[in-house]
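What follows is each chain in one-letter form.
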Amino acid sequence: MLNTPIDEILYNGSEQAIGIKSDGKVATCKYIVAAPEYFREKSMPVAKVVRCYCILAEPPPHTRESGSCQIVIPAAQAKRQTDIYVLVLSADHKVTPEGRYVALVSTTVETDDPAAEIQFGLNLLGHIIDKVVTVDDVLAPRSSGNGKRVPSGHRYLFASTFG
């Protein structure tokens, strides 16, 4: 049931997950595998991630006019604790119109100025037409979920994905 809006997680008397409710319909199961975001009441923030979504008119310089690329800026090079990720996609991937590129620059937040933390990656993009910066919590389960039929782990690589 990928990409299904979930109205409610259903539990039995032993607090074990047994299904979901979506748009008035119920789907039952033996266990649920989901990201912690689906179980907000059973999750806790463990970090923050900053993401900058950018619109470009041309591929970033020094990428051989490629329609896509992923650049990982090592933490040591950026004088940080965590890497900075840069992802660029284009019409080659059917995510933009011809002549436009979308870029995502992201990293784990380490200071009180998240937007400044991604500047190293933004500097690689060349001319940016427009951008939007977001800062989101990274959630992890409060417990392992064992015995509750809800195996939910950390969102690994959360800084390098759109999600």
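Everything quoted here is computed from the prediction, not taken from an experiment.

Draft legend 1. Structural detail: the environment of alanine 75. Summarising the element assignment, alanine 75 is placed in the loop between strand S5 (69-73) and strand S6 (84-90). For alanine 75, a relative accessible area of 9% translates into the label buried. A sequence separation of 32 residues divides alanine 75 from threonine 107, and the C-alpha atoms of the two residues are 9.8 Å apart. If we skip the residues at most four places from it in the chain, alanine 75 touches Arg80, Gln81, Thr82 and Asp83.

Draft legend 2. View of unusual backbone geometry. Here the phi dihedral of aspartate 23 falls at roughly 50°; this positive angle occurs in a residue that is not glycine. Among the secondary structure elements, aspartate 23 is positioned in the loop between strand S2 (17-22) and strand S3 (25-28). Phi at glutamate 65 takes a positive value of approximately 55°, unusual for a residue other than glycine.

Draft legend 3. Up close: the environment of threonine 111. Inspection of the secondary structure assignment puts threonine 111 in the loop between strand S7 (101-108) and helix H1 (114-117). Residue threonine 111 is classed as partly exposed on the basis of its relative accessible area, which comes to 42%. At 3.1 Å, the side chain of threonine 111 and the backbone nitrogen of aspartate 113 are in polar contact. There is a polar contact of 2.8 Å between the side chain of threonine 111 and the side chain of glutamate 117.

Criteria and cut-off values
- Residues numbered from 1 in each chain as written.
- Predicted model: local features only at pLDDT ≥ 70, side-chain atom pairs only at ≥ 80, totals over all residues.
- Heavy atoms only, no water.
- Helix = DSSP H or I, 4+ residues; strand = E, 2+ residues; numbered from the N terminus.
- Buried < 20%, exposed > 50% of the residue type's maximum accessible area, 1.4 Å probe, protein only.
- Contact = heavy atoms within 4.5 Å.
- Polar contact = N/O pair within 3.5 Å; in protein donor to acceptor, adjacent residues only side chain to side chain.

Spatial relationships are all this shows, so hold off on functional conclusions.
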